[in-house]
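Here are the chains, one letter per residue:
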Amino acid sequence: MRVLLSIALRNLFQAPVRSSLLALAIGLVTAFLVLLLSLSAGIADNLVTSATTLSAGHVNVGGFWKPTAGTAFPIVTGMGAVRKVLEEKTPGLDYIVERHRGWGKIVSETGAVQAGLSGIVAADEERFFDRLMLAPEKDYKEGGSDQILGDPRKLSEPNTIVLFAGHAKKLKVGVGDVVTIKTETQSGATNTADATVVAVAKDMGLLSTFAVFVPKSLVLQLYQLNEDTTGALWVYLKDRDKSEETMSVVRQALVDAGYQLRDHEANPFFFKFEAVMGEDWTGQKLDVTWWQDEVSFLTWVLTAFDTVTWFLTLILVVIIAVGIMNAMWQAVRERTKEIGTIRAIGMTAGKVLILFVAESLFLGFGATTLGALLGAGVALGIDSLHIAIPSDAVRAILLSSELHLVVDPGSLVIAVLALTACTGLAALWPSARAASLTPVKALQHAE
């Protein structure tokens, strides 16, 4: 076997031009695939970051309160008691924050936008502040500077608000300006409050188009709620990968504590209103989800992008496979006499097959390895440049205001092995043709 592999390797170097061109093509396809996989991983990373910053904790305990069978409000009453159960029964707990939920119109002197209100307790939100990236003034204000203004930690002060750049641009406001928030209470009355913009954050894709941040006290004021009420308790774990498993533990703990729970539904809370309104019960039912449930409506982005990635890769692989088959056919024709000679001195058909397939695999493995390293290097370089995405539509799809690529070592290995296997499979037919040549036919054909 060692001799066969040595011969196969030698054959590659005997046709340097053909081998180099094939290796270049295979390497470029591999690099392209790695770039696409890195972009897909970047979108997934953006999704997780956005989800666990804007829309959900790792595990979420929300709920609906129905004063009558025909009305429903997305709030949790008796929040303190629910929180105590979570603190005592959640395995791997890191910390818990409360997020108040609301929906209102944000009005400035020149415009208005509809947005979800996230009421936060600033003292508990260090993770949120660490992940929130502030936008330079030029991103939302015409003629603005590169300077980053404001401080989101000022949400600890009453009647303050943090907007995203998209909202600030539409409202034509900046840090220090005052906007008016209009909401409708449970009784149907309209309440308003003024809030000072204390910071403007970079857009985080589609999720950020629905969110603004205000202090908890402002949401309680607008909706006339008491201190022991919240929209949801967000549970953060030391190991995010155990979110779904922990959700099941939390559900059972709440049932054991005497709480009524809705059946698990893999949708965000705002998708559940119609179903809840049609249910014949009153009082409180908790709704326990994990972070993927709360952003399930965005998974189509990853699915669509992955589909396009593999479709493009399939087209390129077919082109490369045709090239490999043609190259191997050429190699068989050029080495017909050689094949006849080695068959005449006793080499079996199986060993001839192995010889040609090994040659293709050597070529494929070397080219894909170099291509994967090239693609990874380019991906890391692009990510380090923090390239701004100019299009609102593209920012919404990529879930970020910057082009973000993540190189996953596992994806590199998969790309190398998959494309190497494809080169080997593409070589099977011409290799089998070479192996089927008898010594007499091979020598006669060569003459």
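Residues numbered from 1 in each chain as written. Predicted model: local features only at pLDDT ≥ 70, side-chain atom pairs only at ≥ 80, totals over all residues. Heavy atoms only, no water.

Q: Residue-level account of the pairing of strand 8 (residues 232-237), with values.
A: Taken across its six residues, strand 8 has six buried, putting it largely inside the fold. Burial along strand 8 is two-sided: Ala232, Trp234 and Tyr236 and Leu233, Val235 and Leu237, pointing in opposite directions, are all buried. Inspection of the sheet shows strand 1 (residues 59-66) paired to strand 8 by three bridges, in the antiparallel sense. Residue pairing across strands places valine 59 opposite valine 235, the latter belonging to strand 8. Summarising the sheet, strand 2 (residues 93-107) and strand 8 pair through six bridges and their orientation is antiparallel. Directly across from glutamate 98, in strand 8, lies its bridge partner leucine 233. (Buried < 20%, exposed > 50% of the residue type's maximum accessible area, 1.4 Å probe, protein only. Helix = DSSP H or I, 4+ residues; strand = E, 2+ residues; numbered from the N terminus. Pairing = 2+ DSSP bridges.)

Q: Just give me the short version of empty space enclosed by the protein, but keep the residues and values in it.
A: This model, assessed by the stated rule, comprises four cavities of 30 Å³ or more. A volume near 80 Å³ is recorded for the largest cavity. Surrounding the largest cavity, Ile26, Val29, Thr30, Val317, Ile320, Ala321, Ile324, Leu419, Cys422 and Thr423 form its lining. When contributions to the lining of the largest cavity are tallied by element, the ones reaching two or more residues are helix 2 (16-55), helix 10 (299-334) and helix 14 (409-426). Of all the elements, helix 10 adds the most residues to the lining of the largest cavity, at four residues. (1 Å grid on protein atoms, 1.4 Å probe; cavity = no way out; pocket = protein on both sides within 12 Å on 5 of 7 lines; lining within 4 Å. Points joined across faces, edges and corners; volume = space filled by probe spheres on them.)

Q: Run through a nonpolar patch on the surface, naming residues and quoting values.
A: A cluster of nonpolar residues, Phe32, Val308, Phe311, Leu312, Ile315 and Ile319, forms a patch on the protein surface that exposes about 530 Å² of accessible area. By the secondary structure assignment, phenylalanine 32 is in helix 2. (Patch = residues over 30% accessible without salt bridge, like charges linked within 9 Å, V, L, I, M, F, W, Y side chains within 5 Å. Areas by Shrake-Rupley, 256 points an atom, 1.4 Å probe, with all protein chains shown as cover. Salt bridge = Lys/Arg side-chain N within 4 Å of Asp/Glu carboxyl O.)

Q: An account of the packing of helix 3 (residues 79-89) against helix 7 (residues 243-256) is requested, with residue identities and associated values reported.
A: Where helix 3 meets helix 7, the closest approach of the two axes is 10 Å, and the angle between their N-to-C directions is 125 degrees. Put simply, helix 3 runs oblique to helix 7. Seen along the crossing, helix 3 lies across helix 7 with a hand that is right-handed. Counting all contacts with helix 3, which are made through Val82, Val85, Leu86 and Lys89, the residues of helix 7 involved are Val249, Val250, Ala253 and Leu254. (Axes fitted to C-alpha atoms, helices over the stretch in contact; angles between N-to-C directions. Parallel < 35°, antiparallel > 145°, perpendicular 65-115°, else oblique. Left-handed = near helix turned anticlockwise from the far one by under 90°. Contact = heavy atoms within 4.5 Å.)

Q: Break down the layout of surface pockets for me, with residues and values.
A: Over the atoms rolls a probe the size of a water molecule, and in doing so it shows where empty space is left. Approximately 800 Å³ is the volume attributed to the largest pocket. Arg101, Gly102, Trp103, Gly116 and Phe269 are, among the 30 residues lining the largest pocket, the residues nearest its centre. Within the residue set of the lining of the largest pocket, elements represented by two or more residues are helix 2, strand 2 and strand 3 (112-120). Sort the elements by how many residues they give to the lining of the largest pocket and strand 2 lands first, with five residues.

Q: Which residues make up the nonpolar core, and what values do they have?
A: Counting residues in hydrophobic clusters, the biggest one holds 43 residues, and the most contacted among them are Val61, Val82, Leu86, Phe164, Phe213, Leu254 and Val288. If near-sequence neighbours (up to four positions away) are discounted, phenylalanine 164 is found in contact with Leu54, Leu132, Val200, Ala201, Lys202, Asp203, Met204, Ser208, Ala211 and Phe213. Membership of the second largest hydrophobic core comes to 28 residues, among which are Ala165, Ala168, Val200 and Leu218. (Core = buried A, V, L, I, M, F, W, Y, C linked by side-chain atoms within 4.5 Å.)

Q: Please give an account of the packing of aromatic side chains that cites residues and values.
A: Scanning the model with the defined rule gives ten aromatic pairs in all. With a centroid separation of 5.5 Å and 85 degrees between ring planes, the pair formed by phenylalanine 64 and phenylalanine 273 is classed as edge-to-face. Of this pair, phenylalanine 64 sits in strand 1 while phenylalanine 273 sits in helix 8 (residues 273-277), and the two are 209 residues apart along the sequence. Phenylalanine 64 sits in the buried class, given a relative accessible area of 1%. Between arginine 101 and the ring centre of phenylalanine 269, over which it is positioned, the NZ or CZ distance is 3.8 Å. (Phe/Tyr/Trp six-rings, centres within 6.5 Å; stacked < 30°, edge-to-face > 60°. Lys NZ or Arg CZ within 6 Å of the ring centre and 35° of its normal.)

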